[in-house]
Amino acid sequence: MKRLFLTFTLLVGSCLLGYAQDAKTVLDKCAASISSKNGVQADFSMNSAQYGNSSGMISVKGKMFTATTSMATLWFDGKTLWTYMTNNDEVNVTNPSESQLQVMNPYNFINMYKKGYRYTMTQSANAYQVHLTATDASKRVSEMFITVDKKTYHPTEVKLLQKQKWTTFTIKNLKVANLSDATFRFNSKDFPSAEVIDLR
């Protein structure tokens, strides 16, 4: 009986391990599909209990990103973040922390999922959904759901839990683009009347 129980335990354990590896493989393929060295662009919408709702376009190249909505435009060059607020013609300049960036860029999971999370996965006919739970209580994002298209391995939805509030990004029309590094920096010539406030 003990031998049967041990065999069953080992079998279940190996199945769960294989399942976790499958989930990580899906995320690895997803990250690879959007990690073009030239950059990618996509349309997105955000629904957030903490930050409100918005939609627009995002461009990503490595750690750099720019996002444009009707309310604001953000540029991040890997170190400095410029946030232009449309309603008051004002640009705030900051050097955000990694944890702050996690909720600004839906593609931040590309590196985030690789350390400090455990995985489970479900699937439908067209998509995988990977559920990530933080193994470290200090993680700013305690849970994530990442939905991945089965054919393209493109992410179609990223859902983050932060401070007990969910933020959901829906991603559409993802495509590879040839983006220069200048795309990810604020250009004052394009906003000549904007007031620049340096908060660094």
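Within each chain, residues carry numbers counting from 1 in the order of the written sequence. Note on the predicted model: pLDDT of at least 70 is required for a residue's local features to be given, and 80 or more for side-chain atom pairs to be given and counted; whole-chain, interface and lining totals, by contrast, use all residues. Working from all heavy atoms in the structure, the side-chain values ignore hydrogens and water.

Q: Help me out: how do you make sense of the overall build of the protein chain in this one?
A: Numbering of helices and strands runs from the N terminus, with a helix taken as a DSSP run of H or I at least four residues long and a strand as a DSSP run of E at least two residues long. Secondary structure summary: the protein chain contains three helices and 12 strands in total. Evaluated residue by residue, the protein chain yields a buried proportion of 40% over its 200 residues. We call two residues contacting when some pair of their heavy atoms lies within 4.5 Å. Restricting to contacts in the protein chain with at least 6 residues of sequence separation, those with at least 24 account for 48%. We get accessible surface area from the Shrake-Rupley algorithm with a probe of 1.4 Å; when it comes to residues, only the shown protein chains can shield them. Taken as a whole, the protein chain presents about 11500 Å² of accessible surface, with 54% of it coming from carbon and sulfur. Any residue under 20% of the maximum accessible area for its type is buried, any over 50% is exposed, and the rest in between are partly exposed; the area is computed with a 1.4 Å probe on protein chains only.

Q: How do you make sense of the environment of Met144 when you look at a structure like this?
A: Within the secondary structure, Met144 is located in strand β9 (residues 143–149). Under the relative-accessibility criterion, Met144 is labelled buried at 0%. Between the C-alpha atoms of Met144 and Thr133, which are 11 residues apart in sequence, the distance is 6.7 Å. Residues in contact with Met144, not counting those within four places in the same chain, are Phe109, Met112, Tyr117, Val130, His131, Leu132, Lys159 and Leu160.

Q: Any chance you could explain the pairing of strand β7 (residues 117–123) here in plain terms?
A: Side-chain direction in a regular strand flips from residue to residue, so the side chains alternate between the two faces of the sheet. When DSSP locates at least two bridges between a pair of strands, those strands are taken to pair. Looking at chain direction, β7 and strand β8 (residues 127–134) are connected through seven bridges and run antiparallel. Bridge pairing links Tyr117 to Ala134 in β8. Between β7 and β8, which follow one another and run antiparallel, lie three residues.

Spatial relationships are all this shows, so hold off on functional conclusions.
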